[in-house]
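One letter stands for each residue in the lines below.
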Amino acid sequence: MKPILSLFCLMALIGVTVGYVWATEEEQQLYDAGKQAALEALSEINTPEKINQRLMVPILDSSQPMTTLGPDPQSFNVSVFQGTTHTFLTLSLQVNPTQDVTAIIDVDSNFDGTVDYTYTVPRPISGVCSNGFVSCVAGTWTNCRYFQWSADGSGHVIEHEVPAQINMGACSCVNQNCGDGLATENMSKVLDDLGGGIVAALQERNPKFAISKVVKGETSIQYCGKNLATAEVSGPSFSGSANPAQYWDKSGNADKLIVAGEAEKTKQQADDQSYFHLITESYTNRAGAVDLEECITRREIVFDNGVPTVHVLDSCAIGANCRLKNKYVCDYTGANCIPTVREYNPTNFTMMTYCQTINGQTFCNDGKTIRNIAHAIIYADDESWYYVKNQYVCQAVTGQEVDPSLLDPTKQVGNTLTVSGNTAEYTVTSEAGTIHNSIQLPGVAPEPDCELACKVRKNVSGTDVQEHGTVMDYRKTNQTIQTEIRVCTLHNGCPVGPGEEVITDCACINSLLESISILNSVKKGGEDMVCSK
(Lines give C-alpha, C1' and ligand atoms only; values in the text may rest on other atoms or scores of the structure.)
Protein backbone atom coordinates (compact mmCIF):
# COMPACT_ATOMS: atom_id res chain seq x y z
CA MET A 1 0.00 0.00 0.00
CA LYS A 2 2.94 2.37 0.52
CA PRO A 3 3.46 3.13 -3.20
CA ILE A 4 -0.25 4.01 -3.55
CA LEU A 5 -0.28 6.18 -0.44
CA SER A 6 2.86 7.95 -1.63
CA LEU A 7 1.17 8.56 -4.96
CA PHE A 8 -1.79 10.33 -3.40
CA CYS A 9 0.55 12.45 -1.30
CA LEU A 10 2.38 13.50 -4.46
CA MET A 11 -0.89 14.44 -6.16
CA ALA A 12 -1.13 17.42 -3.83
CA LEU A 13 1.94 18.86 -5.54
CA ILE A 14 0.21 19.20 -8.91
CA GLY A 15 -1.67 22.18 -10.28
CA VAL A 16 -0.46 24.94 -7.96
CA THR A 17 -0.70 28.58 -8.86
CA VAL A 18 2.01 29.66 -11.28
CA GLY A 19 4.51 32.08 -9.83
CA TYR A 20 4.66 30.81 -6.25
CA VAL A 21 8.07 31.53 -4.71
CA TRP A 22 9.42 29.08 -2.15
CA ALA A 23 11.27 30.31 0.92
CA THR A 24 14.50 28.48 0.08
CA GLU A 25 16.09 26.97 -3.01
CA GLU A 26 16.07 23.57 -1.32
CA GLU A 27 12.25 23.72 -0.90
CA GLN A 28 11.90 24.66 -4.58
CA GLN A 29 14.08 21.72 -5.64
CA LEU A 30 12.17 19.29 -3.42
CA TYR A 31 8.87 20.56 -4.81
CA ASP A 32 10.03 20.26 -8.43
CA ALA A 33 11.31 16.72 -7.84
CA GLY A 34 8.09 15.69 -6.12
CA LYS A 35 5.91 17.15 -8.86
CA GLN A 36 7.91 15.43 -11.58
CA ALA A 37 7.66 12.09 -9.75
CA ALA A 38 3.91 12.57 -9.35
CA LEU A 39 3.45 13.40 -13.04
CA GLU A 40 5.38 10.30 -14.08
CA ALA A 41 3.45 8.06 -11.70
CA LEU A 42 0.01 9.45 -12.56
CA SER A 43 0.66 9.05 -16.26
CA GLU A 44 0.55 5.29 -15.63
CA ILE A 45 -2.98 5.35 -14.14
CA ASN A 46 -4.60 8.34 -15.85
CA THR A 47 -7.39 6.39 -17.59
CA PRO A 48 -10.09 4.03 -16.27
CA GLU A 49 -8.52 1.18 -18.24
CA LYS A 50 -5.09 1.75 -16.68
CA ILE A 51 -6.57 2.01 -13.17
CA ASN A 52 -8.44 -1.26 -13.64
CA GLN A 53 -5.42 -3.08 -15.06
CA ARG A 54 -2.85 -1.76 -12.56
CA LEU A 55 -4.93 -1.64 -9.37
CA MET A 56 -8.19 -3.61 -9.60
CA VAL A 57 -7.25 -6.74 -11.56
CA PRO A 58 -4.33 -7.68 -9.24
CA ILE A 59 -6.67 -7.58 -6.23
CA LEU A 60 -9.01 -10.20 -7.73
CA ASP A 61 -6.62 -12.28 -9.85
CA SER A 62 -3.67 -13.97 -8.13
CA SER A 63 -1.97 -14.53 -11.49
CA GLN A 64 -1.71 -10.76 -12.08
CA PRO A 65 0.80 -9.15 -9.68
CA MET A 66 0.61 -5.47 -8.82
CA THR A 67 3.59 -3.32 -9.78
CA THR A 68 4.89 -0.12 -8.28
CA LEU A 69 4.59 3.11 -10.25
CA GLY A 70 7.49 4.96 -11.78
CA PRO A 71 10.87 3.77 -13.12
CA ASP A 72 12.24 0.35 -12.16
CA PRO A 73 8.83 -1.13 -11.15
CA GLN A 74 8.73 -3.86 -8.53
CA SER A 75 6.08 -6.62 -8.60
CA PHE A 76 4.27 -8.00 -5.57
CA ASN A 77 1.14 -10.07 -4.90
CA VAL A 78 -1.90 -8.30 -3.44
CA SER A 79 -4.66 -10.69 -4.53
CA VAL A 80 -7.38 -10.93 -1.91
CA PHE A 81 -8.78 -14.15 -3.37
CA GLN A 82 -7.08 -17.27 -4.67
CA GLY A 83 -7.16 -18.38 -8.29
CA THR A 84 -7.46 -16.68 -11.64
CA THR A 85 -10.46 -14.94 -13.14
CA HIS A 86 -12.69 -16.44 -15.84
CA THR A 87 -14.90 -15.08 -18.59
CA PHE A 88 -18.40 -15.41 -17.14
CA LEU A 89 -20.38 -13.34 -19.68
CA THR A 90 -19.99 -12.83 -23.42
CA LEU A 91 -22.31 -10.62 -25.45
CA SER A 92 -22.16 -10.97 -29.26
CA LEU A 93 -24.04 -8.68 -31.64
CA GLN A 94 -25.09 -9.10 -35.26
CA VAL A 95 -26.10 -6.01 -37.23
CA ASN A 96 -29.01 -6.59 -39.63
CA PRO A 97 -29.42 -4.75 -42.96
CA THR A 98 -31.89 -2.38 -41.26
CA GLN A 99 -29.23 -1.63 -38.57
CA ASP A 100 -31.40 -3.37 -35.99
CA VAL A 101 -29.27 -5.63 -33.79
CA THR A 102 -29.52 -9.29 -32.80
CA ALA A 103 -27.97 -10.13 -29.39
CA ILE A 104 -26.56 -13.49 -28.26
CA ILE A 105 -25.67 -13.91 -24.56
CA ASP A 106 -23.35 -16.66 -23.24
CA VAL A 107 -22.99 -17.13 -19.47
CA ASP A 108 -20.62 -19.30 -17.42
CA SER A 109 -22.53 -19.02 -14.16
CA ASN A 110 -20.28 -21.33 -12.10
CA PHE A 111 -16.97 -19.92 -13.39
CA ASP A 112 -15.61 -23.30 -14.49
CA GLY A 113 -14.59 -22.11 -17.96
CA THR A 114 -17.57 -23.71 -19.75
CA VAL A 115 -20.63 -21.86 -21.02
CA ASP A 116 -23.71 -23.32 -19.34
CA TYR A 117 -26.36 -20.89 -20.59
CA THR A 118 -26.90 -19.37 -24.04
CA TYR A 119 -29.71 -16.99 -24.86
CA THR A 120 -30.55 -15.31 -28.18
CA VAL A 121 -32.85 -12.32 -27.76
CA PRO A 122 -35.90 -13.28 -29.85
CA ARG A 123 -36.64 -9.79 -31.20
CA PRO A 124 -34.75 -7.02 -33.03
CA ILE A 125 -33.02 -4.40 -30.91
CA SER A 126 -33.86 -1.01 -32.44
CA GLY A 127 -32.61 1.16 -29.58
CA VAL A 128 -30.29 0.60 -26.63
CA CYS A 129 -30.75 1.81 -23.05
CA SER A 130 -28.64 1.63 -19.92
CA ASN A 131 -30.95 -0.99 -18.41
CA GLY A 132 -32.48 -2.67 -21.48
CA PHE A 133 -33.50 -2.02 -25.07
CA VAL A 134 -36.26 -0.88 -27.41
CA SER A 135 -37.69 -3.23 -30.04
CA CYS A 136 -39.68 -1.87 -32.99
CA VAL A 137 -40.71 -2.98 -36.46
CA ALA A 138 -37.32 -3.54 -38.16
CA GLY A 139 -35.85 -0.36 -39.63
CA THR A 140 -38.62 1.86 -38.22
CA TRP A 141 -39.72 3.43 -34.96
CA THR A 142 -43.29 2.08 -35.01
CA ASN A 143 -44.99 -0.43 -32.71
CA CYS A 144 -42.10 -0.02 -30.28
CA ARG A 145 -41.92 -2.08 -27.09
CA TYR A 146 -39.61 -1.57 -24.12
CA PHE A 147 -37.66 -4.28 -22.32
CA GLN A 148 -35.49 -4.35 -19.19
CA TRP A 149 -32.79 -6.92 -18.44
CA SER A 150 -33.32 -9.29 -15.51
CA ALA A 151 -31.65 -12.44 -14.16
CA ASP A 152 -32.34 -15.28 -11.78
CA GLY A 153 -30.09 -16.69 -9.06
CA SER A 154 -28.55 -19.18 -11.50
CA GLY A 155 -27.20 -16.43 -13.76
CA HIS A 156 -29.80 -16.90 -16.50
CA VAL A 157 -30.42 -13.58 -18.26
CA ILE A 158 -33.67 -12.65 -19.95
CA GLU A 159 -35.62 -9.52 -20.81
CA HIS A 160 -39.04 -8.54 -19.46
CA GLU A 161 -41.38 -5.99 -20.97
CA VAL A 162 -42.25 -2.72 -19.23
CA PRO A 163 -45.20 -0.49 -20.14
CA ALA A 164 -43.44 2.70 -21.24
CA GLN A 165 -40.12 4.39 -21.93
CA ILE A 166 -40.35 6.16 -18.59
CA ASN A 167 -39.11 2.89 -17.07
CA MET A 168 -35.99 2.92 -19.24
CA GLY A 169 -32.71 4.80 -18.80
CA ALA A 170 -30.69 6.84 -21.32
CA CYS A 171 -32.06 5.32 -24.54
CA SER A 172 -30.70 5.96 -28.01
CA CYS A 173 -31.83 4.84 -31.46
CA VAL A 174 -29.52 2.59 -33.53
CA ASN A 175 -31.55 1.41 -36.54
CA GLN A 176 -31.86 3.12 -39.92
CA ASN A 177 -34.86 5.16 -38.83
CA CYS A 178 -32.40 7.58 -37.19
CA GLY A 179 -29.64 7.50 -39.80
CA ASP A 180 -27.45 5.27 -41.91
CA GLY A 181 -24.95 2.94 -40.26
CA LEU A 182 -25.58 4.04 -36.67
CA ALA A 183 -25.28 0.59 -35.10
CA THR A 184 -22.10 -0.19 -37.05
CA GLU A 185 -20.45 3.19 -36.45
CA ASN A 186 -21.33 3.23 -32.73
CA MET A 187 -20.76 -0.48 -32.04
CA SER A 188 -18.46 0.23 -29.08
CA LYS A 189 -21.14 2.26 -27.29
CA VAL A 190 -23.87 -0.26 -28.19
CA LEU A 191 -21.77 -3.04 -26.62
CA ASP A 192 -21.10 -0.95 -23.51
CA ASP A 193 -24.79 -0.04 -23.02
CA LEU A 194 -26.20 -3.52 -23.60
CA GLY A 195 -23.38 -5.35 -21.79
CA GLY A 196 -23.43 -2.96 -18.85
CA GLY A 197 -27.19 -3.40 -18.44
CA ILE A 198 -26.92 -7.21 -18.53
CA VAL A 199 -24.08 -7.27 -15.98
CA ALA A 200 -26.01 -4.87 -13.72
CA ALA A 201 -29.00 -7.24 -13.81
CA LEU A 202 -26.74 -10.18 -12.94
CA GLN A 203 -25.07 -8.36 -10.06
CA GLU A 204 -28.38 -7.08 -8.71
CA ARG A 205 -29.55 -10.66 -8.43
CA ASN A 206 -26.19 -12.00 -7.29
CA PRO A 207 -23.79 -9.30 -5.97
CA LYS A 208 -21.09 -11.94 -5.45
CA PHE A 209 -20.18 -11.73 -9.15
CA ALA A 210 -17.08 -9.50 -9.22
CA ILE A 211 -15.78 -8.05 -12.49
CA SER A 212 -12.03 -7.65 -12.88
CA LYS A 213 -11.61 -7.14 -16.62
CA VAL A 214 -13.59 -6.26 -19.75
CA VAL A 215 -12.38 -7.39 -23.18
CA LYS A 216 -14.05 -5.76 -26.17
CA GLY A 217 -13.90 -6.98 -29.76
CA GLU A 218 -15.40 -5.54 -32.92
CA THR A 219 -18.88 -6.98 -32.31
CA SER A 220 -18.55 -8.68 -28.91
CA ILE A 221 -17.69 -7.86 -25.32
CA GLN A 222 -16.47 -10.22 -22.58
CA TYR A 223 -16.71 -9.68 -18.82
CA CYS A 224 -14.12 -11.52 -16.72
CA GLY A 225 -14.14 -12.02 -12.97
CA LYS A 226 -14.94 -14.53 -10.29
CA ASN A 227 -17.71 -15.61 -7.95
CA LEU A 228 -16.72 -14.32 -4.53
CA ALA A 229 -19.17 -16.75 -2.90
CA THR A 230 -16.83 -19.65 -3.71
CA ALA A 231 -13.50 -17.81 -3.83
CA GLU A 232 -11.15 -18.38 -0.91
CA VAL A 233 -9.06 -15.65 0.70
CA SER A 234 -5.52 -15.60 -0.67
CA GLY A 235 -2.53 -16.12 1.61
CA PRO A 236 -2.43 -17.09 5.29
CA SER A 237 -5.51 -16.14 7.29
CA PHE A 238 -4.92 -15.10 10.89
CA SER A 239 -8.44 -15.96 11.87
CA GLY A 240 -12.02 -15.88 10.65
CA SER A 241 -13.56 -17.43 7.56
CA ALA A 242 -11.54 -18.20 4.45
CA ASN A 243 -14.72 -17.49 2.48
CA PRO A 244 -16.24 -14.26 3.90
CA ALA A 245 -18.54 -13.84 0.89
CA GLN A 246 -20.74 -16.64 2.24
CA TYR A 247 -22.22 -14.10 4.64
CA TRP A 248 -23.52 -11.81 1.87
CA ASP A 249 -27.22 -12.55 2.03
CA LYS A 250 -29.39 -10.41 -0.24
CA SER A 251 -32.50 -11.53 1.67
CA GLY A 252 -31.39 -9.38 4.59
CA ASN A 253 -30.89 -12.29 7.00
CA ALA A 254 -28.10 -11.03 9.25
CA ASP A 255 -28.25 -13.89 11.78
CA LYS A 256 -25.62 -15.95 9.97
CA LEU A 257 -23.06 -13.15 10.15
CA ILE A 258 -23.94 -12.28 13.78
CA VAL A 259 -23.58 -15.90 14.91
CA ALA A 260 -20.25 -16.25 13.08
CA GLY A 261 -19.03 -12.98 14.58
CA GLU A 262 -19.90 -14.02 18.12
CA ALA A 263 -18.20 -17.39 17.61
CA GLU A 264 -15.07 -15.69 16.29
CA LYS A 265 -15.08 -13.27 19.23
CA THR A 266 -15.31 -16.14 21.72
CA LYS A 267 -12.46 -17.91 19.95
CA GLN A 268 -10.18 -14.88 19.95
CA GLN A 269 -10.88 -13.98 23.58
CA ALA A 270 -8.97 -17.09 24.62
CA ASP A 271 -5.96 -16.22 22.43
CA ASP A 272 -3.65 -13.52 23.81
CA GLN A 273 -2.18 -13.07 20.29
CA SER A 274 -5.52 -12.54 18.54
CA TYR A 275 -6.66 -9.27 16.98
CA PHE A 276 -9.49 -9.04 19.51
CA HIS A 277 -7.12 -9.42 22.44
CA LEU A 278 -4.57 -6.98 21.02
CA ILE A 279 -7.17 -4.29 20.39
CA THR A 280 -8.98 -4.60 23.72
CA GLU A 281 -5.76 -4.87 25.69
CA SER A 282 -4.27 -1.84 23.93
CA TYR A 283 -7.19 0.24 25.20
CA THR A 284 -6.85 -1.24 28.68
CA ASN A 285 -3.09 -0.65 28.82
CA ARG A 286 -3.46 2.92 27.59
CA ALA A 287 -6.45 4.05 29.55
CA GLY A 288 -6.41 1.80 32.59
CA ALA A 289 -8.78 -0.98 33.62
CA VAL A 290 -12.34 -1.03 32.33
CA ASP A 291 -15.55 -2.37 33.84
CA LEU A 292 -18.65 -3.68 32.08
CA GLU A 293 -21.75 -2.12 33.60
CA GLU A 294 -25.26 -3.38 32.87
CA CYS A 295 -28.54 -1.65 33.62
CA ILE A 296 -32.23 -2.02 32.77
CA THR A 297 -34.95 0.51 32.08
CA ARG A 298 -38.52 -0.81 32.53
CA ARG A 299 -41.82 0.86 31.92
CA GLU A 300 -44.65 -0.94 33.70
CA ILE A 301 -48.33 -0.20 33.26
CA VAL A 302 -50.14 0.07 36.59
CA PHE A 303 -53.69 1.03 37.46
CA ASP A 304 -54.45 3.83 39.89
CA ASN A 305 -58.18 3.80 40.74
CA GLY A 306 -58.81 2.07 37.43
CA VAL A 307 -56.78 4.60 35.44
CA PRO A 308 -53.73 3.16 33.60
CA THR A 309 -50.43 4.96 34.21
CA VAL A 310 -46.81 4.14 33.38
CA HIS A 311 -44.31 3.51 36.15
CA VAL A 312 -40.64 3.89 35.08
CA LEU A 313 -37.98 1.77 36.80
CA ASP A 314 -34.53 2.96 35.71
CA SER A 315 -31.35 1.41 37.14
CA CYS A 316 -29.10 3.24 34.69
CA ALA A 317 -27.00 5.71 36.68
CA ILE A 318 -24.04 5.87 34.30
CA GLY A 319 -21.14 8.29 34.69
CA ALA A 320 -19.44 10.39 32.01
CA ASN A 321 -16.57 7.89 31.82
CA CYS A 322 -18.83 5.20 30.31
CA ARG A 323 -19.59 4.35 26.71
CA LEU A 324 -22.62 2.40 25.44
CA LYS A 325 -21.49 -0.94 24.03
CA ASN A 326 -24.69 -2.97 23.54
CA LYS A 327 -28.38 -2.11 23.72
CA TYR A 328 -31.33 -4.50 23.50
CA VAL A 329 -35.01 -3.59 23.18
CA CYS A 330 -37.30 -6.34 24.50
CA ASP A 331 -40.97 -7.11 24.95
CA TYR A 332 -42.93 -6.35 28.12
CA THR A 333 -41.48 -9.35 29.98
CA GLY A 334 -37.88 -8.74 28.92
CA ALA A 335 -37.86 -11.54 26.34
CA ASN A 336 -37.66 -11.56 22.50
CA CYS A 337 -34.97 -8.86 22.47
CA ILE A 338 -33.68 -7.01 19.41
CA PRO A 339 -30.14 -5.51 19.40
CA THR A 340 -30.26 -1.84 18.39
CA VAL A 341 -26.60 -1.19 19.31
CA ARG A 342 -23.96 -3.91 19.02
CA GLU A 343 -20.27 -3.44 19.78
CA TYR A 344 -20.67 0.38 19.92
CA ASN A 345 -22.37 0.60 16.50
CA PRO A 346 -26.06 0.99 15.58
CA THR A 347 -27.47 -2.15 13.95
CA ASN A 348 -30.35 -0.36 12.15
CA PHE A 349 -32.69 -3.00 13.63
CA THR A 350 -35.87 -1.66 15.21
CA MET A 351 -38.75 -3.28 17.05
CA MET A 352 -42.16 -3.07 15.42
CA THR A 353 -45.04 -1.55 17.39
CA TYR A 354 -45.59 -3.98 20.27
CA CYS A 355 -48.92 -4.48 22.05
CA GLN A 356 -49.47 -5.96 25.51
CA THR A 357 -52.73 -6.87 27.24
CA ILE A 358 -52.87 -6.00 30.94
CA ASN A 359 -55.98 -6.41 33.14
CA GLY A 360 -58.08 -7.01 30.05
CA GLN A 361 -56.89 -3.80 28.33
CA THR A 362 -54.51 -3.62 25.35
CA PHE A 363 -51.69 -1.09 25.20
CA CYS A 364 -49.47 -0.55 22.14
CA ASN A 365 -45.94 0.86 22.21
CA ASP A 366 -44.23 2.33 19.13
CA GLY A 367 -41.03 3.40 20.87
CA LYS A 368 -42.13 7.01 21.36
CA THR A 369 -45.63 6.67 22.84
CA ILE A 370 -47.77 4.12 24.68
CA ARG A 371 -51.45 4.21 23.66
CA ASN A 372 -54.57 2.41 24.83
CA ILE A 373 -57.00 0.60 22.58
CA ALA A 374 -58.75 3.90 21.81
CA HIS A 375 -55.38 5.31 20.63
CA ALA A 376 -55.23 7.74 23.53
CA ILE A 377 -51.64 8.46 24.65
CA ILE A 378 -50.96 7.44 28.24
CA TYR A 379 -47.17 7.94 28.05
CA ALA A 380 -44.73 9.75 25.75
CA ASP A 381 -40.95 10.18 25.86
CA ASP A 382 -37.90 10.20 23.56
CA GLU A 383 -37.91 6.46 24.14
CA SER A 384 -40.89 4.54 25.51
CA TRP A 385 -40.05 0.84 25.01
CA TYR A 386 -41.27 -1.42 27.81
CA TYR A 387 -37.97 -3.14 28.54
CA VAL A 388 -34.46 -1.93 27.56
CA LYS A 389 -31.16 -3.58 28.48
CA ASN A 390 -27.97 -1.50 28.24
CA GLN A 391 -24.34 -2.55 28.56
CA TYR A 392 -21.66 0.09 29.11
CA VAL A 393 -17.87 -0.06 29.12
CA CYS A 394 -16.68 2.25 31.90
CA GLN A 395 -13.21 3.48 32.66
CA ALA A 396 -12.40 2.24 36.16
CA VAL A 397 -11.20 5.05 38.41
CA THR A 398 -9.71 4.98 41.90
CA GLY A 399 -9.66 8.01 44.10
CA GLN A 400 -9.86 11.17 41.98
CA GLU A 401 -12.22 11.14 38.99
CA VAL A 402 -10.37 11.27 35.66
CA ASP A 403 -11.64 13.46 32.84
CA PRO A 404 -12.37 11.05 29.93
CA SER A 405 -11.05 13.65 27.46
CA LEU A 406 -7.58 13.19 28.99
CA LEU A 407 -7.53 9.53 27.99
CA ASP A 408 -6.95 10.32 24.31
CA PRO A 409 -4.13 12.87 23.69
CA THR A 410 -4.87 12.96 19.94
CA LYS A 411 -8.22 14.61 20.62
CA GLN A 412 -6.51 17.30 22.68
CA VAL A 413 -4.04 18.04 19.91
CA GLY A 414 -6.86 18.39 17.40
CA ASN A 415 -8.93 20.59 19.70
CA THR A 416 -6.08 22.93 20.65
CA LEU A 417 -4.12 23.05 17.38
CA THR A 418 -3.55 26.52 15.91
CA VAL A 419 -1.51 27.32 12.80
CA SER A 420 0.05 30.69 12.09
CA GLY A 421 2.20 30.87 8.98
CA ASN A 422 4.61 27.96 9.11
CA THR A 423 4.22 27.42 12.89
CA ALA A 424 1.76 24.98 14.50
CA GLU A 425 1.07 25.13 18.25
CA TYR A 426 -0.89 22.71 20.45
CA THR A 427 -1.44 21.80 24.10
CA VAL A 428 -1.60 18.38 25.79
CA THR A 429 -2.82 17.95 29.38
CA SER A 430 -2.18 14.80 31.39
CA GLU A 431 -1.94 13.79 35.03
CA ALA A 432 1.68 14.96 34.88
CA GLY A 433 0.62 18.49 33.93
CA THR A 434 0.10 20.68 30.87
CA ILE A 435 2.58 20.82 27.99
CA HIS A 436 2.65 23.55 25.34
CA ASN A 437 4.49 22.65 22.16
CA SER A 438 5.13 24.07 18.70
CA ILE A 439 6.53 22.67 15.45
CA GLN A 440 7.75 24.26 12.23
CA LEU A 441 5.89 23.27 9.08
CA PRO A 442 7.39 23.15 5.58
CA GLY A 443 6.23 25.70 3.05
CA VAL A 444 2.99 24.84 1.21
CA ALA A 445 2.10 26.18 -2.21
CA PRO A 446 -1.33 27.81 -2.40
CA GLU A 447 -4.28 25.82 -3.72
CA PRO A 448 -5.27 26.52 -7.35
CA ASP A 449 -8.36 28.65 -7.90
CA CYS A 450 -10.05 25.84 -9.85
CA GLU A 451 -9.54 22.63 -11.75
CA LEU A 452 -8.39 23.69 -15.20
CA ALA A 453 -10.80 22.65 -17.94
CA CYS A 454 -11.41 23.32 -21.62
CA LYS A 455 -14.48 23.40 -23.85
CA VAL A 456 -14.59 21.26 -27.02
CA ARG A 457 -17.22 20.82 -29.71
CA LYS A 458 -17.73 18.17 -32.37
CA ASN A 459 -20.32 16.99 -34.89
CA VAL A 460 -22.21 13.86 -33.83
CA SER A 461 -25.15 11.83 -35.05
CA GLY A 462 -28.20 12.52 -32.92
CA THR A 463 -29.75 9.25 -31.71
CA ASP A 464 -31.91 10.64 -28.90
CA VAL A 465 -35.09 8.75 -28.11
CA GLN A 466 -38.03 10.44 -26.43
CA GLU A 467 -41.41 9.11 -25.40
CA HIS A 468 -42.97 10.48 -28.60
CA GLY A 469 -40.30 9.28 -31.05
CA THR A 470 -36.73 9.68 -32.24
CA VAL A 471 -34.76 12.74 -33.28
CA MET A 472 -35.65 12.13 -36.95
CA ASP A 473 -39.36 12.53 -36.19
CA TYR A 474 -38.95 16.27 -35.64
CA ARG A 475 -35.73 17.23 -37.49
CA LYS A 476 -34.52 17.05 -41.10
CA THR A 477 -31.09 15.68 -40.22
CA ASN A 478 -29.65 13.72 -37.33
CA GLN A 479 -26.40 15.73 -37.36
CA THR A 480 -25.91 17.93 -34.31
CA ILE A 481 -23.14 19.86 -32.55
CA GLN A 482 -22.14 18.48 -29.17
CA THR A 483 -20.23 20.64 -26.67
CA GLU A 484 -18.21 19.10 -23.85
CA ILE A 485 -16.22 20.49 -20.94
CA ARG A 486 -13.16 18.33 -20.27
CA VAL A 487 -10.60 18.34 -17.49
CA CYS A 488 -7.19 19.34 -18.82
CA THR A 489 -4.26 16.95 -18.71
CA LEU A 490 -1.55 17.04 -16.05
CA HIS A 491 0.51 19.22 -18.37
CA ASN A 492 -2.41 21.65 -18.84
CA GLY A 493 -3.26 20.44 -22.33
CA CYS A 494 -6.77 20.13 -23.72
CA PRO A 495 -7.60 16.51 -24.70
CA VAL A 496 -8.86 16.78 -28.30
CA GLY A 497 -9.75 13.98 -30.67
CA PRO A 498 -10.02 13.81 -34.48
CA GLY A 499 -12.68 16.13 -35.91
CA GLU A 500 -12.99 18.07 -32.64
CA GLU A 501 -12.48 21.80 -32.13
CA VAL A 502 -11.32 23.66 -29.02
CA ILE A 503 -13.70 26.51 -28.20
CA THR A 504 -12.11 27.55 -24.90
CA ASP A 505 -8.60 26.49 -23.93
CA CYS A 506 -7.56 25.39 -20.44
CA ALA A 507 -8.82 27.91 -17.90
CA CYS A 508 -11.19 28.35 -14.96
CA ILE A 509 -14.44 27.85 -16.87
CA ASN A 510 -17.69 29.25 -15.48
CA SER A 511 -20.69 28.46 -17.69
CA LEU A 512 -23.36 29.69 -15.28
CA LEU A 513 -24.39 32.73 -17.37
CA GLU A 514 -24.47 30.61 -20.54
CA SER A 515 -26.67 28.03 -18.81
CA ILE A 516 -29.05 30.72 -17.56
CA SER A 517 -29.28 32.15 -21.07
CA ILE A 518 -30.11 28.71 -22.55
CA LEU A 519 -32.75 28.02 -19.92
CA ASN A 520 -34.30 31.42 -20.50
CA SER A 521 -34.42 30.76 -24.28
CA VAL A 522 -36.22 27.47 -23.64
CA LYS A 523 -38.65 29.24 -21.34
CA LYS A 524 -39.39 31.95 -23.91
CA GLY A 525 -39.78 29.35 -26.66
CA GLY A 526 -42.29 27.46 -24.54
CA GLU A 527 -44.34 30.58 -24.05
CA ASP A 528 -44.73 30.95 -27.84
CA MET A 529 -45.73 27.32 -28.35
CA VAL A 530 -49.34 26.45 -29.10
CA CYS A 531 -50.56 22.92 -28.40
CA SER A 532 -53.59 21.41 -30.16
CA LYS A 533 -55.13 17.99 -30.52
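Here's a quick rundown of the structure. The shown structure was predicted, so the numbers you read here are calculated from the model rather than taken from an experiment.

**Things to note about the sheet that holds strand β19 (residues 361-365)**
Part 1 of the reasoning: If you walk across this open sheet you meet the four strands as β18-β19-β20-β21, and the pairing is antiparallel. Each end of this open sheet is capped by a strand with a single partner; those strands are β18 (354-358) and β21 (377-380). The sheet shows a mean angle of 20 degrees between the axes of neighbouring strands, taken without regard to direction.
Part 2 of the reasoning: Bridge count between β19 and strand β20 (residues 369-372): three bridges; the pairing is antiparallel. For F363, the partnering residue across the bridge sits in β20 and is N372.

**Digging into the state of the cysteines**
Part 1 of the reasoning: In total, this model carries 10 disulfides according to the counting rule given.
Part 2 of the reasoning: The disulfide partner of C295 is C316, and the S-S distance across this bridge is 1.9 Å. Handedness of the C295-C316 disulfide follows from its S-S torsion of about 90 degrees: it is right-handed. Separated by 21 residues along the polypeptide, C295 in strand β13 (residues 290-304) and C316 in the loop between β14 (307-314) and β15 (322-330) bring together distant segments of the chain.

**A closer look at helix α3 (residues 48-60)**
Part 1 of the reasoning: The end-to-end C-alpha distance of α3 is 17 Å, a good match for the 18 Å that 13 residues give at a rise of 1.5 Å each.
Part 2 of the reasoning: Of all the bends in α3, the largest measures some 30 degrees and sits at R54, one to four residues before the proline P58.
Part 3 of the reasoning: Looking at α3, one finds that the buried residues are R54, V57, P58 and L60.

**Looking at the packing of aromatic side chains**
Part 1 of the reasoning: Per the stated rule, a full pass over the model turns up seven aromatic pairs.
Part 2 of the reasoning: A ring pair is formed by F133 and W149, whose centres lie 5.2 Å apart and whose planes are at 50 degrees; its orientation type is tilted. Highlighted residues: F133 in strand β7 (residues 132-135) and W149 in strand β8 (residues 145-151), separated in sequence by 16 residues.
Part 3 of the reasoning: Judged by its relative accessible area of 7%, W149 falls in the buried class.
Part 4 of the reasoning: Ring centres of Y332 and Y386 lie 5.0 Å apart, and the angle between their planes is 75 degrees; on these two criteria the pair is classed as edge-to-face. Linking Y332 in the loop between β15 and β16 (338-342) with Y386 in the loop between β21 and β22 (387-395), this pair joins segments that are 54 residues apart in sequence.
Part 5 of the reasoning: We classify Y332 as buried; its relative accessible area is 14%.

Definitions and cut-offs
Residues numbered from 1 in each chain as written. Predicted model: local features only at pLDDT ≥ 70, side-chain atom pairs only at ≥ 80, totals over all residues. Heavy atoms only, no water. Pairing = 2+ DSSP bridges. Helix = DSSP H or I, 4+ residues; strand = E, 2+ residues; numbered from the N terminus. Axes fitted to C-alpha atoms, helices over the stretch in contact; angles between N-to-C directions. Disulfide = S-S within 2.5 Å. Expected span 1.5 Å × (residues − 1). Bend = angle between axes of the 7 residues up to and from the residue. Buried < 20%, exposed > 50% of the residue type's maximum accessible area, 1.4 Å probe, protein only. Phe/Tyr/Trp six-rings, centres within 6.5 Å; stacked < 30°, edge-to-face > 60°.

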